[in-house]
Amino acid sequence: MATRVSNSGRPPKPKGQKHGKQEIRQQKRKREQEDLQSLEGRISDLDPKSTEIKLFSDLPLSHPTTLGLKASHFTTLTDIQAGAIPLALKNNDILGAAKTGSGKTLAFILPVLEKLYRAQWTEFDGLGALIISPTRELAVQIFEVLRKVGRYHAFSAGLVIGGKSLKEEAERLTRMNILVCTPGRMLQHLDQTAGFDADNLQILVLDEADRIMDMGFQRDVDALVEHLPKTRQTLMFSATQSKKVSDLARLSLKDPEYVSVHESAASSTPSNLQQHYIVTPLHEKIDTLYGFIKANLKSKIVVFLSSGKQVRFVYESFRHLQPGIPLLHLHGRQKQLARLEITSRFTSAKYSCLFATDVVARGIDFPAVDWVIQVDCPEDSDTYIHRVGRTARYQSNGRAVLFLDPSEEAGMLQRLEQKKIPIQKVNVKEKKKKSIQNSLQNMCFQNPDLKYLGQKAFISYARAIHLQRDKEIFNLDKLDLDAYAAGMGLPGTPQIKFQKGEDIKRIKNAPRAGMSSDSESDMDVDGLKEKPKKKKKDEVRTKYDKMFERTNQDVFSSHYSKIVDDQDDDDDDDDFLAVKRRLNDDDLDAESRKAPGTVIKALDLGGGEAYVVDSKRREKALKSKKKMLKFRGNASKLVYDEDGNAHEIYELQDEDDFKQEGTAEELRQKFLEGETARVKEADVDDKALAKQKKREKREKRKAAERAELSAMDSGDEAPQLVGGDDQDEDPLALLRSLPIAGEDDESGDEPPRKKAKKWFQQDSDVESDADRKSAKAKKKSKGKGKVFEVQEEPETLEDLEALATGLLDG
Ligand SMILES: Nc1ncnc2c1ncn2[C@@H]1O[C@H](COP(=O)(O)OP(=O)(O)OP(=O)(O)O)[C@@H](O)[C@H]1O
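Within an unreviewed UniProt entry, the label attached to the chain reads ATP-dependent RNA helicase, and the organism entered is Bionectria ochroleuca. Turning to the chain, the UniProt record has this under Sequence similarities (unreviewed entry): "Belongs to the DEAD box helicase family." What the UniProt record of the chain gives under Function (unreviewed entry) is the line "RNA helicase."

### Topic: helix 16 (residues 437-446)
Buried within helix 16 we find Leu-440, Met-443 and Cys-444. The buried side chains of helix 16 occupy one side of the element, clustering within an arc of 95° when seen end-on. For helix 16, the exposed residues lying more than 90 degrees away from the buried face are Asn-438, Phe-445 and Gln-446. Residues of helix 16 that are buried make contact with helix 11 (285-295), helix 12 (308-321), helix 17 (448-467) and helix 18 (481-487).

### Observations regarding the pattern of salt bridges
If you walk through the whole model with that rule in mind, you get 22 salt bridges. One salt bridge connects Asp-220 with Arg-219, and the closest N-O pair in it is separated by 3.7 Å. Residue classification places Asp-220 among the buried residues on the basis of a relative accessible area of 7%. What makes Arg-219 exposed here is its relative accessible area of 62%. The closest approach of N and O atoms between Glu-472 and Arg-415, which form a salt bridge, is 3.4 Å. In this pair, Glu-472 is assigned in the loop between helix 17 and helix 18 and Arg-415 in helix 15 (residues 406-418), connecting sequence segments 57 residues apart. For Glu-472, a relative accessible area of 53% puts it in the exposed group. Taken together, the shared-partner salt bridges in this structure form one network comprising Glu-208, Asp-210 and Arg-362.

### What to know about the nonpolar core
Core analysis: the biggest nonpolar cluster contains 120 residues, and Ile-178, Leu-289, Val-303, Phe-318, Phe-355, Ile-373 and Tyr-384 have the highest contact counts within it. Examining the composition of this core, we find that nine residues originate from one element, helix 4 (residues 104-118), more than from any other. Setting aside residues up to four positions removed in sequence, Leu-289 forms contacts with Val-303, Val-314, Phe-318, Phe-355, Ile-373, Val-375 and Phe-403. Counting 29 residues, the second-largest nonpolar core is a separate cluster that includes Ala-198, Ala-209, Ile-212 and Val-221.

### Points about the packing of helix 16 against helix 17
Contact geometry for helix 16 and helix 17: axes closest at 5 Å, N-to-C directions at 115°. The orientation of helix 16 relative to helix 17 falls into the category roughly perpendicular. Between helix 16 and helix 17, the residues in contact are Met-443, Cys-444 and Gln-446 and Pro-448, Leu-450 and Lys-451, respectively. Considered class by class, the residues forming the contact of helix 16 with helix 17 number four nonpolar, one polar and one charged.

### A few points about the site of the ligand
Around the ligand, 20 residues are found, and the nearest of them are Thr-76, Lys-104, Thr-105, Asp-365 and Arg-393. Here Ser-102 contributes a backbone N or O atom positioned 3.1 Å from an oxygen atom of the ligand. Contact distances for the ligand include 3.4 Å between an oxygen atom and a side-chain N or O atom of Glu-208. If the ligand stood free it would expose 630 Å²; the protein chains cover 86% of that surface. In terms of residue count, the dominant contributor to the shell around the ligand is helix 4 (three residues). Taken together, the residues that form the shell around the ligand break down as five nonpolar, nine polar and six charged.

### What to know about the environment of His-262
When you line up the elements, His-262 lands in the loop between strand 7 (257-260) and strand 8 (273-279). In this structure, the C-alpha to C-alpha distance between His-262 and Ala-97, residues 165 residues apart in sequence, is 7.7 Å. Not counting chain neighbours up to four residues away, the residues in contact with His-262 comprise Asp-79, Ala-98, Lys-99 and Ser-102.

### Quick look at the packing of aromatic side chains
Summed over the entire model, instances satisfying the criterion amount to seven aromatic pairs. Residues Phe-346 and Phe-366 carry aromatic rings whose centres are separated by 4.9 Å and whose planes lie at 90° to one another, so their mutual orientation is edge-to-face. Of the two residues, Phe-346 sits in helix 13 (residues 336-348) while Phe-366 sits in the loop between strand 11 (352-356) and strand 12 (371-374), which places them 20 residues apart along the sequence. Under the relative-accessibility criterion, Phe-346 is labelled buried at 0%. According to the relative accessible area criterion, Phe-366 is buried, its value standing at 2%. In textbook terms, an aromatic cluster arises when at least three aromatic residues are bridged by ring pairs, as seen for Tyr-290, Phe-318 and Phe-355.

### Side note on helix 15
Given 3.6 residues per helical turn, the α-helix brings residues three or four places apart onto the same face. Largest kink in helix 15: about 25°, centred on Met-412. What helix 15 keeps buried is the set Ser-407, Glu-408, Glu-409, Gly-411, Met-412, Arg-415 and Leu-416. Two residues or fewer after helix 15 comes Lys-420, characterised by a positive phi angle close to 60°.

### A look at the pairing of strand 10 (residues 327-330)
Covered by surrounding structure in strand 10 are Leu-327 and His-329 together with Leu-328 and Leu-330, the residues of both alternating faces. The pairing of strand 10 with strand 11 spans four bridges and is classified as parallel. By the bridge assignment for strand 11, Leu-328 is matched with Leu-354. In this fold, the crossover linking strand 10 to strand 11 by way of helix 13 has right-handed handedness.

### A look at the environment of Tyr-315
Following the sequence through the fold, Tyr-315 ends up in helix 12. Each C-alpha atom, one on Tyr-315 and one on Ala-356, is 9.4 Å from the other, the two residues being 41 residues apart in sequence. Excluding residues that lie within four positions of it along the chain, Tyr-315 makes contacts with Leu-327, Leu-328, His-329 and Phe-355.

### Describing a nonpolar patch on the surface
A surface patch of nonpolar side chains, about 350 Å² in accessible area, is lined by Val-639, Ile-649 and Tyr-650. Note on placement: Ile-649 falls in the loop between strand 18 (646-648) and helix 24 (655-660).

### Observations regarding the sheet that holds strand 13 (residues 398-404)
The strand order 10-11-9-12-13-8-14 describes an open sheet built from seven strands, whose pairing is parallel. Looking at the sheet topology across the chains shown, the edges are occupied by strand 10 and strand 14 (424-425). Across two bridges, strand 8 lies against strand 14 in parallel orientation. Each bridged residue has a counterpart across the sheet, and for His-276 the counterpart in strand 14 is Gln-424. Together, strand 10 and strand 11 form the strand contacts of helix 12, whose direction differs from that of strand 10 by roughly 165°. Sheet contacts for helix 13: strand 9 (300-304), strand 10 and strand 11; angle to strand 10, the most-contacted strand, approximately 140°.

### Regarding unusual backbone geometry
Of all residues except glycine, most have a negative phi; of all peptide bonds, most are trans. Positive phi values are uncommon outside glycine, yet Glu-208 reaches one of about 50°. Mapping Glu-208 onto the fold places it in the loop between strand 5 (203-207) and helix 8 (209-213). Of note, Ser-252 is a non-glycine position whose phi angle comes to about 45°, a positive value. Inspection of the secondary structure assignment puts Ser-252 in the loop between helix 10 (245-250) and strand 7. Under the relative-accessibility criterion, Ser-252 is labelled partly exposed at 24%.

### Quick look at the pairing of strand 13
Burial analysis of strand 13 places six of its seven residues in the buried class, the great majority of the element. Bridge count between strand 8 and strand 13: seven bridges; the pairing is parallel. Among the inter-strand pairings, Ile-278 is bridged to a residue of strand 13, identified as Phe-403. Where strand 12 meets strand 13, four bridges bridge the pair, whose relative direction is parallel. Within the sheet, the bridge partner assigned to Ile-373 lies in strand 13 and is Val-401. As a crossover connection, the stretch from strand 12 through helix 14 (residues 381-388) into strand 13 is right-handed.

The rules we used
Residues numbered from 1 in each chain as written. Predicted model: local features only at pLDDT ≥ 70, side-chain atom pairs only at ≥ 80, totals over all residues. Heavy atoms only, no water. UniProt positions renumbered as here; feature names shortened; annotations may be inferred. Buried < 20%, exposed > 50% of the residue type's maximum accessible area, 1.4 Å probe, protein only. Helix = DSSP H or I, 4+ residues; strand = E, 2+ residues; numbered from the N terminus. Arc of directions from axis to C-beta. Contact = heavy atoms within 4.5 Å. Salt bridge = Lys/Arg side-chain N within 4 Å of Asp/Glu carboxyl O. Core = buried A, V, L, I, M, F, W, Y, C linked by side-chain atoms within 4.5 Å. Axes fitted to C-alpha atoms, helices over the stretch in contact; angles between N-to-C directions. Parallel < 35°, antiparallel > 145°, perpendicular 65-115°, else oblique. Nonpolar A, V, L, I, M, F, W, Y, C, P; charged D, E, K, R; others polar. Near = heavy atom within 4 Å. Polar contact = N/O pair within 3.5 Å; in protein donor to acceptor, adjacent residues only side chain to side chain. Areas by Shrake-Rupley, 256 points an atom, 1.4 Å probe, with all protein chains shown as cover. Phe/Tyr/Trp six-rings, centres within 6.5 Å; stacked < 30°, edge-to-face > 60°. Bend = angle between axes of the 7 residues up to and from the residue. Pairing = 2+ DSSP bridges. Right-handed = clockwise from strand over helix to strand, strands pointing away. Patch = residues over 30% accessible without salt bridge, like charges linked within 9 Å, V, L, I, M, F, W, Y side chains within 5 Å.

The structure is reproduced here in structure tokens:
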């Protein structure tokens, strides 16, 4: 018996085997249902307040989660996990507060996985969980933990933080069950992505909740919440969590459980963290920092500065000084890829010094950081807590040093004390002090770009101090700015001006105005950002303003682009000086000003043209045919020689060939003579031809007249005009009296008349009444056999007017 072969070439599976598979699947489903029921049972039996839970195995968790935890080597719960997870499993809304590095991430990731597992969430159910983070770096980190612990679950999870085109993200979005996002970007999708909604959302998480709920994110978060269903579970976590009633109302939390595991602790910072401060005048801070780094080369250090400009200046100048430790820098205006790359390099580095803004102050879990140095005073005690929290994470030790100007000392210590932050004063050993002021001066002298960067850093620092709210700590009048500028190696103190009523929190937290591009729609905690300020007409401009505004900044841009990181984005607070160093997108010629080495891509628009593209906006502009027209120029006309080769109409002659033909003067003379002879010859011919034509015309006319007269004499009836009803009335009586210019002009100088005139010329000689009658008769007779001539007769009033006007002009 022949064996049946299926399409795939393999023998069909025996019926029994097929049934066997189905049976296995059914049994599996049955088992899952039983597991689920038992899980629900264990959760309902769980008393979160009384049960002592130490191990993850003590928790009623699903099998895939248990496996994920095991594979990630998590066995014992931290305090916040033990406090929050059982309550979250019982569907409570939670406000979680615990020290930095205490494991809050797992405290919300496990409830997310369990919630969807118990709801038997599938890809067809859409978005089930949303986790919001204030920064991209933190979102990426949360996503990594989710992937690690949730690896045995079948949910789909995605990261929505910008950096990719909205369209690209949108395509994948509709298939996601769990999303980790930044607020701005998520809102953009909920507003704009067709087919994507959060109507089914089961659980919402806010990490660094106090930051997300503060004024910088307020508008986006409120709008985002509008898209979410009210019946959902909400979890909020932070190391500096508050029970602000207004926040709870905004998120419509229902009887939330406040889990603050370290509330009664002696300090609000980790106990394994040693905290110190040094009083060092502002102008010596850079020296002190350099001395510190030189003394701790075998360490992993995070240095916080107040703005991206500060970060760049310190990073660039220290890089020139080569202290002997790998240096990195990170701030919110770098491109996303660069930021991720730097983050991962610092994560894996054993010894390194990272200069950063507050973009990494919250949540980032760099392993084994030895020191956190705060060169610029944090804006408040919460920021202090988050910054120092980058070290001494989980069970490891760490040390933190805060640099305070004498004017900042009293105010800041008071704030730290209020927050239960134990900090001790230390002094720098005299012999360890090191001044780099001379080196910086030399560098600024030799390198105008570093000087430029320094000036911008100086201004951004002064501005940040001016904008700070806590005037007990931040008082610009008490700072020696001249000494500070000198300490940075600047040749003079940049002049600064301030706007009244500026508010650091508002500016710092404000979403980037007008940033609709995909990669930049998210808000980042960074130095200073503000809407570009329009120059006022009567605004007083300092010499620095003028210097930065000048148009030939190429001398700066090329150097400047070289010294800053290639991938750095443009400045964030240029508006302060109304500096616009960015190339004008509409002016592709400005490409020549682009510094060599700048990371750019070339866009080929076909036809062999390649334009440089360094931004999405530019790329878009280049793809617009209309915009490109002005850069393509006019089409040039080519002529082809006998061999089929194309040539410009005017081609420059080879210089040697040109010289062989004689001197320029000789050539000119030759050309003139040739042209004169040609014109003379043409003149004679033209005149003869004109005369000949005139003669022919006259003879023709006379012949016609003779023919007409002989016709009249023979008494023939005048023919009817085609279309002419009233033969008594001469429609062109007015025109008959007009002189016909050039009628008998033998000279032939008169230009030929337009076609209609031909018709008049036939009546032109008629002056008297008798003549007029005879002319009428002539016209009639003419119309008899030559309809085409009559058709040239003006038919409407407009025709007549046009004709009369033409004749008068003539
Ligand atoms: N149960 C656990 N057992 C062992 N390690 C843990 C446990 N929970 C968390 N960790 C580790 O502790 C570190 C800090 O965790 P996490 O980043 O969640 O802290 P956090 O409280 O969110 O800190 P921050 O307030 O700075 O955001 C991480 O490296 C994490 O892997």
